[in-house]
Amino acid sequence: MDSSVYAFVEDLRGEGVERVLDRVSGYGAAGVTVGVVHHASRDVTPHGLSRLTVRHDGAHFPVPAELFAGLRLKPTPGHADALDGVREACSERGLKLHGWTVFLRNATLGGQHPDVTVRDCFGDRGSLTDLCPAHPDVRDYAVALARAVARLGVDSVVAESLHFRPLKPQRSFVPLGPMDAYLFGLCFCDYCMRRATDLGVDADVARDECARIVGGVLDGDAPAQGEVTRAALTAYAGPDVVAYARARSETVTTLVSEVASAVADEGSKLVFIDSTGAVKGYTDGLPTPGLAAHDAWQLGVDLVALGDLVPAFGVLAYARDAARVADDVGAYLRSVGKDREVRAVLRPGFPDSDSADRLVAKARGAKAAGAMAIDFYAYGLVPHPVLDRIPVALAEVH
Ligand SMILES: [Zn+2]
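For clarity, every value in this text was computed on a predicted model and none was experimentally measured.

Engineer: Which parts of the structure should I look at to understand the overall build of the chain?
Structural biologist: Each helix and strand in the chain was counted, giving 17 helices and 13 strands. Taking 21 Å as the expected radius of gyration for a compact globule of 398 residues, we find that the chain reaches 21 Å, a close match to that expectation. By principal-axis analysis of the C-alpha atoms, the chain measures approximately 60 × 50 × 40 Å. A fraction of 76% describes how many contacts in the chain between residues 6 or more apart in sequence connect residues 24 or more apart.

Here it is as structure tokens:
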């Protein structure tokens, strides 16, 4: 069974490439998935060079200038030397190298070019972190970025945030229900509205309806009850809003298709990760009831369509319960197709796994459900004793 450990460039820079890869290899993992393009964050790093690591938006390698010649959006420069020697060090140990790439989550680019970020139903651009996948400049950037990473000679380009993202305010003292937050997070930029209109959707009605509902809650109306489902959303916001939300899939599917082709052109392969599993279980490992594969449409991700276009998928199986992990993997395979490579991404420690036994149970569950690989998230975020659960789990599924 294939496997890898996710690692950040700050891990490699802090502890040294040789040391980190020796450990990954020692776990029995088949590869390492390095965050070659990542987003800004401030993380507790228990065994890092500093115990609190500040990450900046950036591409952590020398980006070929010709790929971005004539493009308005260019990658934010990161630690240009972070990957020096990594390819060779992986080869020496027989490790695969995967290039984990965050595409459309980039507050630096969004701040420099607010017009390429999502615009809500009120006409505001308040999510400068979120580049809109419908914007032509964003699409050009994503394709060029995928090529740049593939040219590093990686075994795969692991795509994160290559779709719409949910609304994430840092403070809200308004009790928005899940459906209110969903409507508030829909993008109504010119490009999104045009695409929906081309598909026969009345985009103006959809936007006005969202603004009416969300505006009502902001004015004191009771928030929506219950999770987002197509049926509940139809009842709450009407068919035009649902049609608008569904139309976002075309935007994402065509973008992912272009990116997958570019990656294949460069001799690598795309692993597509949708964030639905993280939206559901990131905080506490207790995901909301709907399986990730069934709710991915909410971010514009049509897994059935993507199954024909993308060779491999990562499932963020962020759950405490092994049965839930298996259910998520199984539902994913039924959506994308049984012959597709589905990789289960597991967190070996807090908040999903409180013991090696629990991690073993989830690895077994993922394998039994049809996962072809298990990836562990993430080297620098997890104490060494917890990382030591990885070889235990891998020994059980090999
Ligand atoms: Zn948009």
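Further notes follow.
Engineer: It is not clear to me how the packing of helix α8 (residues 203-218) against helix α10 (residues 239-265) should be interpreted in this structure. Could you clarify?
Structural biologist: Helix packing geometry: the angle between the two helix axes and the distance between the axes. Interhelical geometry of α8 versus α10 gives an angle of 110 degrees and a closest axis separation of 8 Å. Viewed along their axes, α8 and α10 adopt a mutual orientation that is roughly perpendicular. Mapping the contact onto sequence places A203, V205, A206, E209 and C210 in α8 and D240, V241 and Y244 in α10. For the contact of α8 with α10, the class distribution of residues is 6 nonpolar, no polar and 2 charged.

Engineer: Got a minute to help me understand the coordination of the zinc ion in this structure?
Structural biologist: Each donor-metal-donor angle in an ideal tetrahedron of four donors is 109.5 degrees, and each such angle in an ideal octahedron of six donors is either 90 or 180 degrees. For the zinc ion, the protein coordination sphere consists of C132 (SG), C187 (SG), C189 (SG) and C192 (SG), at 2.2 to 2.3 Å. In this structure, the zinc ion is coordinated by 4 donor atoms arranged in tetrahedral fashion, with angles at the metal of 97 to 116 degrees. All donors of the zinc ion belong to a single chain; written as a sequence motif, their spacing is C-x54-C-x1-C-x2-C. Grouping residues by exposure puts C187 and C192 together as buried.

Engineer: Help me understand the packing of aromatic side chains in this model?
Structural biologist: Aromatic ring pairs are defined here through the distance separating the ring centres and the angle between the ring planes. Under the criterion given, the structure shown has 12 aromatic pairs. Seen in terms of ring centroids, F8 and W100 are 5.4 Å apart; in terms of plane orientation they differ by 55 degrees. Their pairing is tilted. You can see F8 sitting in strand β1 (residues 2-8) and its partner W100 sitting in strand β6 (residues 96-102), a full 92 residues away along the chain. Given a relative accessible area of 2%, F8 falls into the buried group. Consider the rings of Y318 and Y377, whose centres lie 6.1 Å apart with planes at 35 degrees: the pair is tilted. Taken together, the residues Y318 in the loop between β11 (312-316) and α14 (322-336) and Y377 in the loop between β13 (373-376) and α16 (384-387) connect sequence positions 59 residues apart. Here a set of aromatic residues connected by ring pairs shows up, and it is made of Y6, F8, W100, Y282, Y318 and Y377.

Conventions we followed
- Residues numbered from 1 in each chain as written.
- Predicted model: local features only at pLDDT ≥ 70, side-chain atom pairs only at ≥ 80, totals over all residues.
- Heavy atoms only, no water.
- Helix = DSSP H or I, 4+ residues; strand = E, 2+ residues; numbered from the N terminus.
- Rg over C-alpha atoms; globule rule 2.2 N^0.38 Å.
- Contact = heavy atoms within 4.5 Å.
- Axes fitted to C-alpha atoms, helices over the stretch in contact; angles between N-to-C directions.
- Parallel < 35°, antiparallel > 145°, perpendicular 65-115°, else oblique.
- Nonpolar A, V, L, I, M, F, W, Y, C, P; charged D, E, K, R; others polar.
- Donors = N, O, S within 2.8 Å, 3.2 Å for Na, K, Ca; no water.
- Tetrahedral: all angles 85-135°; square planar, octahedral: opposite > 155°, others 65-115°.
- Buried < 20%, exposed > 50% of the residue type's maximum accessible area, 1.4 Å probe, protein only.
- Phe/Tyr/Trp six-rings, centres within 6.5 Å; stacked < 30°, edge-to-face > 60°.

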